[in-house]
Amino acid sequence: MSEYVVSNIINFERNAFEINQNQKMKQWKVDGKIDEHRAIFDLTVGILGLGNIGDRVARTLNYMGAVVFGYGRRPTLNLEENPHISKYFSNNMLPQLLRECDYVVNTLPETQESKGLLNGDLLENCKDKQTVFINVGRGSIISEEALIRALENKWISGAILDVFEKEPLTTDSALWKMPNVIITPHVSACSRSKDIAQLLKDNLEYYRKNLPIPATVDFNKGY
């Protein structure tokens, strides 16, 4: 998922889609974002959810120079122990995070707290920064209707979407035709057979040695 987020930010900032179209038309064009683009170290990126996935995304972006903000359910975060996070937001502080970020990346799992978290007019907080929304968590964090409204009202300048409220995304969805939307079919982190086999082997060794198994699911939390 870190690779997905980084590559899509770079492609969006450098307008890789237009470059591809120019190649098909045999056009040598150097204008707009193709030439005048932002680097990752120019950006402030907010990560919704700082579990294993969100923390890895945050570390990767910070290593590349981005200022990284985090949002989560825990009341506070020790920033000295997490130097890759510049600011931490929780609960009702979400609007403030949205107002300060060039990109907002959702890595939250689907829980009762995260369902519809960005619904309504919450993304209007992004309009001054013209934030780009990236969703690699769960589509239930925002309804398709609310997302389309945010795009049409120009509260956000674009969306990079790997997950959706309903999957597969229906062919009549307005998202398909929006030029500032990138759609991928839930592939930001594919489960490869060799990785699953290795994880099973490792966990079996932990079990045989009566050691705690990492990354266990807490059914009360929902992840």
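Residues numbered from 1 in each chain as written. Predicted model: local features only at pLDDT ≥ 70, side-chain atom pairs only at ≥ 80, totals over all residues. Heavy atoms only, no water.

**Describing the packing of helix α1 (residues 2-13) against helix α3 (residues 52-63)**
Relative orientation of the contacting elements α1 and α3 amounts to 45 degrees, with a least axis distance of 9 Å. The angle between the axes of α1 and α3 places the two elements in the oblique class. Between α1 and α3 lies a crossing of right-handed hand. Only Arg56, Val57, Thr60 and Leu61 of α3 make contact with α1, whose side of the interface consists of Ser2, Val5, Val6 and Ile9. (Axes fitted to C-alpha atoms, helices over the stretch in contact; angles between N-to-C directions. Helix = DSSP H or I, 4+ residues; strand = E, 2+ residues; numbered from the N terminus. Parallel < 35°, antiparallel > 145°, perpendicular 65-115°, else oblique. Left-handed = near helix turned anticlockwise from the far one by under 90°. Contact = heavy atoms within 4.5 Å.)

**So, α1**
Over its 12 residues, α1 runs 17 Å from end to end, which matches the ideal 16 Å to within 8%, given 1.5 Å per residue. Turning to α1, its buried residues are Ser2, Tyr4, Val5, Val6, Asn8, Ile9, Phe12 and Glu13. Of the residues trailing α1, Asn15 is marked for its positive phi of about 55 degrees. (Expected span 1.5 Å × (residues − 1). Buried < 20%, exposed > 50% of the residue type's maximum accessible area, 1.4 Å probe, protein only.)

**Let's talk about the nonpolar core**
Among the nonpolar cores identified, the biggest contains 31 residues, and Leu48, Leu97, Leu118, Leu123, Phe133 and Leu175 are the most heavily contacted of them. Elements with a minimum of two residues in this core: β2 (67-72), α4 (94-100), α5 (144-152) and β6 (158-161). Every residue in contact with Leu123, bar those within four places of it in the chain, is listed here: Leu98, Leu118, Ile142, Ala150, Trp155 and Ile156. If you look at the next biggest cluster of nonpolar residues, it comprises 24 residues, including Val6, Tyr88, Val132 and Ile160. (Core = buried A, V, L, I, M, F, W, Y, C linked by side-chain atoms within 4.5 Å.)

**Re the environment of Met64**
Inspection of the secondary structure assignment puts Met64 in the loop between α3 and β2. Between the C-alpha atom of Met64 and that of Gly51, which follows or precedes it by 13 residues, the distance is 20 Å. Not counting residues within four places of it along the chain, the set of residues in contact with Met64 comprises Val6, Ile40 and Phe41.

**Some points on the side chain of Asn22**
Positionally, Asn22 belongs in helix α2 (residues 16-24). Take Asn22: its relative accessible area is 4%, and that puts it in the buried class. With sequence-adjacent residues up to four places away left out, Asn22 is seen in contact with Gln27, Lys29 and Ile34.

**Things to note about the UniProt feature "domain: D-isomer specific 2-hydroxyacid dehydrogenase NAD-binding" (unreviewed entry) in the protein chain**
Residues given the UniProt feature "domain: D-isomer specific 2-hydroxyacid dehydrogenase NAD-binding" (unreviewed entry) here are residues 8-188. Counting secondary structure, residues 8-188 comes out at 24% helix and 17% strand; the distance between its end C-alpha atoms is 10 Å. (UniProt positions renumbered as here; feature names shortened; annotations may be inferred.)

**Let's talk about the packing of aromatic side chains**
In the structure shown here, the tally under the stated rule is 1 aromatic pair. Taking the centre distance of 5.6 Å and the plane angle of 50 degrees together, the rings of Phe69 and Phe89 count as tilted. With Phe69 in strand β2 and Phe89 in strand β3 (residues 87-90), this pair connects stretches of sequence that are 20 residues apart. Each member of the pair Phe69 and Phe89 is classed as buried. (Phe/Tyr/Trp six-rings, centres within 6.5 Å; stacked < 30°, edge-to-face > 60°.)

**Things to note about the side chain of Thr107**
If you trace the backbone, Thr107 turns up in the loop between β4 (103-106) and β5 (132-135). On the accessibility criterion, Thr107 (10% relative accessible area) is buried. For Thr107, the side chain forms a polar contact with the main-chain oxygen of Gly49, separated by 2.9 Å. Among all residues touching Thr107, those that are not within four sequence positions of it are Ile47, Leu48, Gly49, Ile53, Gly54, Val136 and Gly137. (Polar contact = N/O pair within 3.5 Å; in protein donor to acceptor, adjacent residues only side chain to side chain.)

**What about the pairing of strand β1 (residues 44-48)?**
Of all 5 residues in β1, 5 are buried; the element is thus mostly enclosed. Where β1 and β2 come together, 5 bridges link them in parallel fashion. Following the sheet pairing, Leu48 is matched in β2 by Tyr71. Here 4 bridges tie β1 to β4, and the two strands are oriented parallel to one another. If you follow Ile47 over to β4, its bridge partner there is Val105. (Pairing = 2+ DSSP bridges.)

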